[in-house]
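Secondary and tertiary structure notes
If you want the building blocks of each chain, they are given just below.
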Amino acid sequence: DIAAGSGCAKGLVHYHFGTKAKLVAEVAQRVVHQRAASWTQVLGTPSPQEAIDTSWGLLTSEAEDGTVHTWAACVDRPADKTDQSVTQHYESFNRQLGQCVESLLLGSGLRPSVPASELGALLGGVIHGIGKMLVARVDTVLLEAAYAAAWIGILSLTEANI
């Protein structure tokens, strides 16, 4: 399918990647790198409200441009078929999200009451789940409300940084 979709010979794909697992791992690495850069930029805005609004736009554009579909194809595989490096990329993305959220909160005078890693895992799960639902064409208004509610949950896990 990949060879046909890219207009090249099947042997060429096999030559460069060897196995399907290596191909999936390479795709996951590239997608994580691109997504991490985009999400870091968006969450690096000066205010939580701006970050929430802008990140919703990023999530919807990722659903439209195929990024969410590609990412889901890498990580939503049976456990026995998921390469360990894909899992590591998923965890890396969540760690980066956690660091970004922690920085955003600290810059707004809020201190997280849970570790940044937990914030990243929460937001990563929300992004993954809502992204897949956007691809499935679930009501966008409902999903945007769910995304905002997730951020309210994240903000509830803070205290004033005195």
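The sections below set out a description of the structure shown in this document. (Residues numbered from 1 in each chain as written. Predicted model: local features only at pLDDT ≥ 70, side-chain atom pairs only at ≥ 80, totals over all residues. Heavy atoms only, no water.)

A look at the overall build of the protein chain
Filter applied, for reference: Helix and strand assignments follow DSSP, with helices taken as H or I runs no shorter than four residues and strands as E runs no shorter than two, numbered in order from the N terminus. Residue exposure (1.4 Å probe, protein chains only): buried if accessible area is under 20% of the type maximum, exposed if over 50%, otherwise partly exposed. Whether two residues touch is decided by their heavy atoms; if any such pair falls within 4.5 Å, the residues are in contact. The Shrake-Rupley method, run with a 1.4 Å probe, gives the accessible areas here. Residue values count only the displayed protein chains as cover. Note on charges: Lys and Arg go in the positive column, Asp and Glu in the negative column, and His and the chain ends are not counted at all. A charge is said to be at NZ when it belongs to Lys, at CZ for Arg, at CG for Asp and at CD for Glu.
The number of helices and strands found in the protein chain is 8 helices and 2 strands. For the protein chain, the α and β elements follow one another from N to C terminus as α-α-α-α-α-α-β-α-α-β. Each principal axis of the C-alpha atoms in the protein chain carries an extent, and together these give about 60 × 30 × 25 Å. Looking at the 162 residues of the protein chain, the share that counts as buried comes to 38%. When contacts within the protein chain are restricted to residue pairs at least 6 apart in sequence, those whose partners lie at least 24 apart make up 71%. When the accessible surface of the protein chain is summed, it comes to about 9,100 Å², and 57% of that surface belongs to carbon and sulfur atoms. Charged side chains in the protein chain number 11 positive and 16 negative. The centres of these two groups are separated by 11 Å.

Some words on the packing of aromatic side chains
Let me state the cut-off plainly: Here is the rule: rings of Phe, Tyr and Trp (six-membered ring for Trp) pair when centre to centre is within 6.5 Å. Planes less than 30 degrees apart are stacked, more than 60 are edge-to-face, and the remainder are tilted.
Under the defined criterion, the tally for this structure stands at 3 aromatic pairs. Pairwise contacts between aromatic rings join Trp71, Tyr90 and Phe93 into one cluster.

A few points about the layout of surface pockets
Basically, it comes down to this: Points on a 1 Å grid, built from protein atoms alone, make a cavity when a 1.4 Å probe fits but cannot get out and make a pocket when they are open with protein on both sides within 12 Å along at least 5 of 7 lines; residues with an atom within 4 Å of a point are the lining residues. Grid points are joined across faces, edges and corners, and a volume is the space filled by probe spheres set on the points.
Approximately 150 Å³ is the volume found for the second largest pocket. Breaking the lining of the second largest pocket down by element, the ones donating at least two residues are helix H4 (48-65) and helix H7 (116-135). The element that contributes the greatest number of residues to the lining of the second largest pocket is H4, accounting for 3 residues.

Regarding a nonpolar patch on the surface
Defined as follows: Exposure above 30% relative accessible area and no salt bridge define the residues that can form patches, which grow by joining like charges within 9 Å and nonpolar side chains of Val, Leu, Ile, Met, Phe, Trp and Tyr within 5 Å. One speaks of a salt bridge when a side-chain nitrogen belonging to Lys or Arg is within 4 Å of a carboxyl oxygen belonging to Asp or Glu.
On the surface, a cluster of nonpolar side chains totalling about 240 Å² of accessible area is made up of Met133, Val138 and Leu142. Along the chain, Leu142 falls in helix H8 (residues 140-156). Owing to a relative accessible area of 52%, Leu142 belongs among the exposed residues under this scheme.

A short note on the packing of helix H3 (residues 20-43) against helix H5 (residues 67-75)
As a reminder, the rule being used: Here the axes come from fitting lines to C-alpha atoms, over the contacting stretch only for helices, and the angles between their N-to-C directions go from 0 to 180 degrees. In this scheme, roughly parallel covers angles under 35 degrees and roughly antiparallel covers those over 145, while 65 to 115 is roughly perpendicular and the rest are oblique. When the near helix sits turned anticlockwise from the far one by under a right angle, the crossing is termed left-handed; a clockwise turn instead gives a right-handed crossing. Here the term charged refers only to Asp, Glu, Lys and Arg, the term nonpolar to Ala, Val, Leu, Ile, Met, Phe, Trp, Tyr, Cys and Pro, and the term polar to all other amino acids, Gly among them.
Two elements in contact, H3 and H5, have axes whose closest approach is 9 Å; the angle formed by their N-to-C orientations is 135°. Taken together, the axes of H3 and H5 lie oblique to each other. Judged by the twist between their axes, the crossing of H3 over H5 is left-handed. Within the contact between the two elements, H3 uses Val24, Val27, Ala28, Val31, Val32 and Arg35 and H5 uses Thr67, Val68, Thr70, Trp71 and Cys74. Partitioned by chemical class, the residues of the contact of H3 with H5 number 8 nonpolar, 2 polar and 1 charged.

Observations regarding unusual backbone geometry
The phi angle at Arg137 is positive, at roughly 65°, despite the residue not being glycine. Mapped onto the fold, Arg137 is located in the loop between H7 and H8. Judged by its relative accessible area of 73%, Arg137 is exposed.

A short note on the side chain of Thr67
The criterion, for reference: In protein, a polar contact requires one atom able to donate a hydrogen and another able to accept it; more generally it is a pair of N or O atoms within 3.5 Å, and residues adjacent in sequence count only if both atoms are side-chain atoms.
Tracing the backbone shows Thr67 in helix H5. You can call Thr67 buried: its relative accessible area is 11%. At a separation of 2.6 Å, a polar atom in the side chain of Thr67 contacts the side chain of Asp65. Ignoring sequence-local partners within four residues, the contact set of Thr67 consists of Val31, Arg35 and Glu62.

Some words on the environment of Val126
For Val126, the location among the structural elements is in helix H7. Taking C-alpha positions, Val126 is 7.3 Å from Tyr147, a pair spaced 21 residues apart along the chain. Among residues more than four places away in sequence, those in contact with Val126 are Gly131, Tyr147 and Ala150.

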